[in-house]
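# Fold and geometry: a report
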Amino acid sequence: DPRVLLGPFRAAAGGYDACLSHAGMEVTAIGPEGVACSLVVSRALTNNYSTLHGGAIATIVDVVGTLAILGRDPLRPGISVEM
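We now turn to the structure provided with this report.

Criteria and thresholds
Residues numbered from 1 in each chain as written. Predicted model: local features only at pLDDT ≥ 70, side-chain atom pairs only at ≥ 80, totals over all residues. Heavy atoms only, no water. Pairing = 2+ DSSP bridges. Helix = DSSP H or I, 4+ residues; strand = E, 2+ residues; numbered from the N terminus. Buried < 20%, exposed > 50% of the residue type's maximum accessible area, 1.4 Å probe, protein only. Lys, Arg positive; Asp, Glu negative; His and termini not counted. Salt bridge = Lys/Arg side-chain N within 4 Å of Asp/Glu carboxyl O. Disulfide = S-S within 2.5 Å. Contact = heavy atoms within 4.5 Å. Core = buried A, V, L, I, M, F, W, Y, C linked by side-chain atoms within 4.5 Å.

## Focus: the sheet that holds strand E1 (residues 7-8)
On the basis of which strands lie adjacent, the open sheet formed by 3 strands has the order E1-E2-E3 and antiparallel pairing. In this open sheet, the two edge strands, each paired with only one partner strand, are E1 and strand E3 (34-38). Here 5 bridges tie strand E2 (residues 26-31) to E3, and the two strands are oriented antiparallel to one another. Directly across from Ile-30, in E3, lies its bridge partner Val-35.

## Focus: the side chain of Asp-17
Mapped onto the secondary structure, Asp-17 falls in the loop between E1 and helix H1 (18-22). Although Asp-17 lies buried, it forms no salt bridge, and the closest oppositely charged side chain, Arg-10, sits 11 Å away as judged by the N-O distance.

## Quick word on the pattern of salt bridges
Close approach of charged atoms allows side chains of opposite charge to pair. According to the stated counting rule, one finds 1 salt bridge in the structure shown. Here Arg-3 and Asp-1 are joined by a salt bridge, their closest N and O atoms 2.6 Å apart.

## Quick look at the state of the cysteines
The tally for this structure, following the rule as stated, stands at 0 disulfides. You can see Cys-37 has no disulfide; the closest cysteine sulfur is in Cys-19, sitting 13 Å from it.

## Structural notes on the environment of Ile-60
Mapped onto the secondary structure, Ile-60 falls in helix H2 (residues 54-72). Between the C-alpha atoms of Ile-60 and Leu-20, which are 40 residues apart in sequence, the distance is 7.8 Å. For Ile-60, the residues in contact, after removing those within four places along its chain, are Leu-20, Leu-39, Leu-52 and Gly-65.

## A short note on the nonpolar core
Formed by Phe-9, Leu-20, Met-25, Val-27, Ile-30, Ile-60, Val-63, Val-64 and Leu-67, the largest nonpolar core amounts to 9 residues. Listing elements by their share of this core, those giving two or more residues are E2 and H2. Broken down by element, this core gets its largest block of residues, 4 residues, from H2. Leaving out residues up to four positions away in the same chain, Leu-20 has contacts with Phe-9, Met-25, Leu-39, Thr-59, Ile-60 and Val-63.

Next up, the structure:
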């Protein structure tokens, strides 16, 4: 059941996506129709222009894309190879 992923995002220990856990990203809805997350952009996720860093954007796309796939098919994670 993909609803076990609701709540604070929990990155794998030492994973590159831990920045989203530290930033407080939360999965607010997940299911076959899609996923919704919330995230307050902290200073740690910004670039020299104080806007969301491109690397953070790519990480969000990767993580939220994988969550969307898991919402439809919990046995098929992995958007990174198709990003």
